[in-house]
Amino acid sequence: MQSFDVIVIGLGHAGCEAALACARVGLKTAGVTLRADRAAVMSCNPAIGGTAKGHLVRELDALGGQMARAADQAGTHFVTLNASKGPAVRATRVLCDRDAYARTMQASLAAEPQLCVIEGEVRVLHVEHGRVRGVELADGRQLVAPAVVVTTGTFLQALMHLGPVKEVGGRLGDAAATGLSDSLRGLGFVLARFKTGTPARLKRSTIDFSRCERQPSDPAPRPFSLRTPAAPFPLQPLLDCWVTHTQASTHEVLRSNLHRSPLYRGDIVGRGPRYCPSVEDKVVRFASKVRHTVFLEPEGPSSDLVYPAGLSTSLPAEVQLQFLRTIPGLEAVEVERFGYAVEYDFAPPTQLRPTLETRAVGGLFFAGQLNGTSGYEEAAFQGLVAGINAGLQVRGQPALVLGREEAHGAVLLDELVTHGVDEPFRMFTSRSEHRLKLREGNAALRLSAHGHRVGLVAADELARVEGWRQAIDGEIQRLGSQRLLTALKRPEVTYDSLVAADPARPDLPRCVQEEVEVEVKYAGYIAMADASLARSHTGFDHWSIPDALRWEEVPGLSSEARERLARGKPGSIGHARRLLGLNPSAIGLVLVHLKRLRQGAPGST
Ligand SMILES: Cc1cc2nc3c(=O)[nH]c(=O)nc-3n(C[C@H](O)[C@H](O)[C@H](O)COP(=O)(O)OP(=O)(O)OC[C@H]3O[C@@H](n4cnc5c(N)ncnc54)[C@H](O)[C@@H]3O)c2cc1C
């Protein structure tokens, strides 16, 4: 029997972050995973970031996570999405060398002396008196620890579909995890089914790129992570991506074979991601569209594989080949691996506290796709927070719970634990009421102090970020004293053009210059956002509701409100306000009751 401070089950994107977060603060950590050589594998498209996801990666980086650093090591094509729109929605997307990404992350795991990677399948969770005690592996090995983080992704009771062929497995080339679902159910957890899918992988040498539109990388990309040196960068050769489109003939092949799709035959019971539908689903749901865009993305400089984003499918292999060959550039394409769908168990996340600890079992945390999310970045952010909180609990320190006004990642967690999911959940900036303030560019300013408090951001890194904050404030003050602020607020005036001829212009890092410009231009909007913030949620999120509160003892609450509160188990007044179906007067009654409890009024519990 081996003993650890924390056990992390699964080393996908969530598990790697969780395990690193624990090991880096000196906790003896076990990372148990089905195959060590498959840790951090990108199951689907080889890209990190994108709309809202780029924000999550920057926030994770500011808190001391690893994903941005790994993407910098492996990046082959960098773009800033929404570059022509406002800074709040601008987002970085990095296409990676698929193998280099996993290798880099595996090297980070291997470099941590406190982290022990164990190959094996966890089948049973051991719980005593409502607290987790450890795990048992399929081969009988026992590991004990006071905290366990479960990050099993798409692997629980996983079933893959390719046309009529069904195969047990969490991902092509990987087995499924077969025992853990029963153990979780035995502990009282509810599990449900979702599905996701992936397209075929194409042989690059068989694609005619002259028939496609070239999409080059940003020629001079900047690192995703604060910790990656700005030069030399990029670290991999830059590659071109390509764009092509489906045709009427593609849609014809798809429509005439719908009856052969496991989705339409009713073989798949789990719900799939709305924002990442399969191509057969697209031609049905968007029947009036005459074509769909396909992005051809090379999987690495030394790989002959191309990932066709937009063509996820589980149709039989011969139908996949038939529809692919109707697409310009793909007329003679050959396929290395066909697309498929996978169904898996997930645990509805309303069973979790905002720390990602389960409500039912102390010391047991869930993160990643297991919580009903979709995407590497969503998984990684949850993994980092679950790992941080597991570690803080073991060390007897207060948990990390970020407010919705501090991070998109906090919005992600709050949405999950408050509302749950009825389809695979992905992040959008529009989910945040504070999105003007939650920009990629200021993630470090917002979150580095939290990263330092939990032990993942070094003092010198925090000092550098605090220096930027001072430099931004100083420069805004200087511009104000020279009466230049009004000019900078004009849309056509940039910071660079404003100070180009200014002999007193200080030598500021580029990130500081950009933040000065954004903060000045958006000061009015940000002030409005601040005012509305002050009027609404913030204070309420810090007004905690004791676990032991009995809703039937809150005077005046309707039975419906009591039922919703009992089901939602809000941890704070802010959380209660966001529960669906609760009106302000119910919240008012709860507030009054809490005030009376705090004042020790008669009848208080
Ligand atoms: C076919 C497919 C298509 C996808 N398509 C998309 C897409 O289009 N868009 C998108 O955003 N995302 C997609 N995804 C999802 C994406 O891969 C996940 O969001 C992401 O990988 C989740 O990270 P995770 O860490 O939660 O889990 P994973 O990356 O799945 O990692 C889970 C880890 O847990 C380990 N494990 C599981 N059970 C056990 C156990 N009992 N004992 C020990 N180890 C265990 C596994 O070995 C694995 O290392 C797809 C996934 C698949 C498989």
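This report concerns the structure included in the present document. Along each chain, residues carry numbers from 1 onward, in the same order as the chain's sequence is written. Since the coordinates come from a predicted model, pLDDT governs what is reported: local features require at least 70, and pairs of side-chain atoms require 80 or more to be given and counted, while whole-chain, interface and lining totals use all residues. Note that the side-chain values use all heavy atoms of the structure and ignore hydrogens as well as water.

1. Structural notes on the packing of aromatic side chains
Then comes step 1: Only the six-membered ring of Trp is used, alongside the rings of Phe and Tyr, when aromatic pairs are assigned; centres must lie within 6.5 Å, and planes under 30 degrees apart are stacked while those over 60 apart are edge-to-face, with the rest tilted. Considering all chains together, one arrives at five aromatic pairs under this definition.
Then comes step 2: Between the aromatic rings of Phe194 and Phe346, the centroid separation amounts to 3.9 Å while the plane-to-plane angle is 15°, which identifies the pairing as stacked. With Phe194 in strand E14 (residues 192-198) and Phe346 in strand E21 (residues 340-346), this residue pair connects regions lying 152 residues apart in the sequence. The pair formed by Phe194 and Phe346 is uniform in burial state, with each residue classed as buried.
Then comes step 3: For the ring pair Tyr522 and Tyr525, a centre distance of 5.8 Å and an interplane angle of 40° mean the geometry is tilted.
Then comes step 4: Buried residues are those whose accessible area, probed at 1.4 Å on protein chains only, stays under 20% of the maximum for their type, while exposed residues exceed 50% and partly exposed ones sit between those limits. The class for Tyr525 is partly exposed, based on a relative accessible area of 47%.
Then comes step 5: The rule is short: NZ of Lys or CZ of Arg within 6 Å of the ring centre and within 35 degrees of the ring normal puts a charge over the ring. The cationic tip of Lys28 hangs over the ring face of Phe4; the distance from NZ or CZ to the ring centre is 5.1 Å.
Then comes step 6: Residue placement shows Arg426 over the ring face of Phe428; its charged tip is 4.4 Å from the ring centre. To qualify as a helix, a DSSP run of H or I must reach at least 4 residues; to qualify as a strand, a run of E must reach at least 2; elements of each kind are numbered from the N terminus.

2. Considerations on the pairing of strand E18 (residues 293-298)
Then comes step 1: Where strand E17 (residues 241-245) and E18 come together, four bridges link them in antiparallel fashion. The partner of Val243 across the bridge, within E18, is Phe295.
Then comes step 2: For E18 and strand E19 (residues 305-309), the ladder comprises four bridges, and the chain directions are antiparallel. Each bridged residue has a counterpart across the sheet, and for Pro298 the counterpart in E19 is Val306.
Then comes step 3: We call two strands paired when DSSP finds no fewer than two bridges between them. Here E18 folds back onto E19, and the loop between the two strands holds six residues, one of which, Gly300, carries a positive phi near 155°.

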